[in-house]
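Okay, here's what each chain looks like letter by letter:
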Amino acid sequence: MAAAAMDCQQAVTNGVHKDGDAAEWKQVAELRAVTEAQDPACKDEDDHMLRRFLRARDHNIGKASAMLLKYLKWKPTAKPGGSISEEEVAHELSQGKLCLQGHDRQGRPMIYGFGARHHPSNRDMDEFKRFVVYVLDATVARLPPGQEKFAAVADLKGWGYSNCDIRAYLAALEIMQNYYPERLGRVFLVHVPYVFMAAWKIVYPFIDDNTKKKFVFVSDKELDRTLREAIDDAQLPEMYGGKLKLASSPPAAANK
């Protein structure tokens, strides 16, 4: 434990970590020492991972360690082979609910989700959870150097009660918040029908305070301006007036 803390502290002293202040990296060293004492598997996680957990708990070492330990217990059960294969989520992929292509102006990889393509009557919860992990891992793999967050557009055009799936929404939210903290940069909710707000009111209390402000509802009249301010024309999908052709292939195979 002491060795791990000393190694990380030495990295701070030597200026290895350029993207953050020394005080924060010292806290990362403390978090590592506390967590490794309870679960040696923490040694396999890098300092940037630990920093995201630390930030997700407002730099409270105790709370961040509890969150990290929960992640370390979840990881081998959620991804026994280290990752989720396309075969394990084939049914979800076949529905074209999500497309992982392009980047915003900050270099964050984009996820485009189409809510009307999801039907609770046509999903298995275990596969859906694997699908969420698969998509998040595929998105993280597309992060350019120096970028830790992704952004998304949730298009709810055509969404109705037959698409409403509170259990799935809460499951996806739990995975993202608990096991991929500080990865989400911004979500634009577009073409939002009035009926969706009933579902939103149920889900909203389960979103942590740091995440709530990352969800942005965009009115139809502000859609063009909002998306163009956030995404370059070459990276903006054709359906929103840009030049990017969205692929129908699985997320891992989509253009980066």
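The rules we used
- Residues numbered from 1 in each chain as written.
- Predicted model: local features only at pLDDT ≥ 70, side-chain atom pairs only at ≥ 80, totals over all residues.
- Heavy atoms only, no water.
- Phe/Tyr/Trp six-rings, centres within 6.5 Å; stacked < 30°, edge-to-face > 60°.
- Helix = DSSP H or I, 4+ residues; strand = E, 2+ residues; numbered from the N terminus.
- Buried < 20%, exposed > 50% of the residue type's maximum accessible area, 1.4 Å probe, protein only.
- Pairing = 2+ DSSP bridges.
- Right-handed = clockwise from strand over helix to strand, strands pointing away.
- Arc of directions from axis to C-beta.
- Contact = heavy atoms within 4.5 Å.
- Axes fitted to C-alpha atoms, helices over the stretch in contact; angles between N-to-C directions.
- pLDDT = per-residue confidence, 0-100.
- Salt bridge = Lys/Arg side-chain N within 4 Å of Asp/Glu carboxyl O.
- Core = buried A, V, L, I, M, F, W, Y, C linked by side-chain atoms within 4.5 Å.

**Student:** Can you lay out the packing of aromatic side chains for me, pointing to particular residues and giving the numbers?
**Tutor:** For any pair of aromatic rings, geometry is given as the distance between the ring centres together with the angle between the planes. Counted according to the given criterion, the structure contains 10 aromatic pairs. A centroid spacing of 6.0 Å and a plane angle of 35° characterise the contact between Tyr-71 and Trp-74, whose relative ring orientation is tilted. Residue Tyr-71 and its partner Trp-74 are located together in helix H4 (residues 61-78), separated by three residues, close to a single helical turn. In this pair, the class of Tyr-71 matches that of Trp-74, namely buried. Taken together, a centroid distance of 5.8 Å and an interplanar angle of 50° make the contact between Trp-200 and Tyr-204 tilted. Linked through ring pairs, Trp-159, Phe-196, Trp-200, Tyr-204, Phe-215 and Phe-217 together constitute an aromatic cluster.

**Student:** So what's going on with the pairing of strand E2 (residues 109-114)? Residues and values would help.
**Tutor:** With respect to burial, E2 is a largely interior element, six of its six residues being buried. Judged by which residues are buried, E2 turns out to be covered on both faces: Pro-109, Ile-111 and Gly-113 on one side and Met-110, Tyr-112 and Phe-114 on the other are all buried. Sheet topology places strand E1 (residues 98-103) next to E2; four bridges connect them, and they run antiparallel. Pairing of His-103 across the sheet is with Pro-109, part of E2. Both E2 and strand E3 (residues 150-155) contribute to a ladder of five bridges, which runs parallel. Each residue of the ladder has a partner; that of Ile-111, found in E3, is Ala-152. Handedness of the E2-helix H6 (residues 125-140)-E3 crossover: right-handed.

**Student:** Give me the lowdown on helix H8 (residues 196-203), citing residues and values where you can.
**Tutor:** Regarding H8, the residues found buried are Phe-196, Ala-199, Trp-200 and Val-203. Taken down its axis, H8 places every buried residue within 105° of arc, on the same side. Those residues of H8 hidden inside the fold are in contact with helix H7 (166-179), strand E4 (184-190) and strand E5 (215-217).

**Student:** Any chance you could break down the sheet that holds E5 for me, citing the residues and the numbers?
**Tutor:** Read from one edge of the open sheet, five strands run E1-E2-E3-E4-E5, paired in mixed fashion. The sheet terminates laterally at E1 and E5, the two strands that pair on one side only. On average, each strand axis in the sheet is tilted by 20° relative to the strand beside it, whichever way the strands run. As paired elements, E3 and E4 share six bridges and run parallel to each other. Bridge pairing links Phe-150 to Leu-184 in E4. Across the face of the sheet, H6 comes into contact with E1, E2 and E3 while running at roughly 15° to E1.

**Student:** Account for the confidence of the model for the chain, with residues named and values stated.
**Tutor:** For the chain, the average pLDDT comes to 90, and 89% of its residues sit at 70 or higher. When the criterion is pLDDT under 50, residues 1-16 qualifies, and its contacts beyond four places in sequence or with other chains add up to 18 contacts. Taken as a whole, residues 249-256 scores under 50 in pLDDT and shows 19 contacts with residues more than four places along the chain or in a different chain.

**Student:** If you had to explain the pattern of salt bridges to someone new, which residues and values would you point to?
**Tutor:** The final tally for this structure, using the stated rule, is 20 salt bridges. Two residues, Asp-224 and Arg-228, come together in a salt bridge whose shortest N-O distance is 2.8 Å. With Asp-224 and Arg-228 both in helix H10 (residues 220-230) and four residues apart, this pair spans about one turn of that helix. Assessed through its relative accessible area of 29%, Arg-228 is described here as partly exposed. In this structure, Glu-229 and Arg-225 form a salt bridge, with 3.0 Å as the shortest nitrogen-oxygen distance. Of this pair, Glu-229 and Arg-225 both sit in helix H10, four residues apart, which is roughly one turn of the helix. Among the charged side chains, a network of salt bridges with common partners joins Glu-24, Arg-51, Arg-52, Arg-55 and Glu-148.

**Student:** For the nonpolar core, give the residues involved together with the corresponding values.
**Tutor:** Membership of the largest hydrophobic core comes to 52 residues, with the highest contact counts inside it found for Leu-68, Tyr-71, Trp-74 and Ile-175. The set of elements that each furnish at least two residues to this core consists of helix H2 (22-38), helix H3 (47-56), H4, H6, E3, H7, E4 and H8. Among the nonpolar cores identified, the runner-up in size contains 15 residues, and Cys-99, Tyr-112, Val-153 and Leu-236 belong to it.

**Student:** Could you give an account of the environment of Cys-99, naming the residues involved and the relevant values?
**Tutor:** In this structure, Cys-99 sits in strand E1. If sequence neighbours within four positions are ignored, Cys-99 has contacts with Met-110, Ile-111, Tyr-112, Leu-246 and Ala-247.

**Student:** I'd love a proper account of the pairing of E4, names of residues and values included.
**Tutor:** Here E4 lies mainly inside the structure; six of its seven residues are buried. The parallel pair E3 and E4 is bridged by H7, and the resulting crossover is right-handed.

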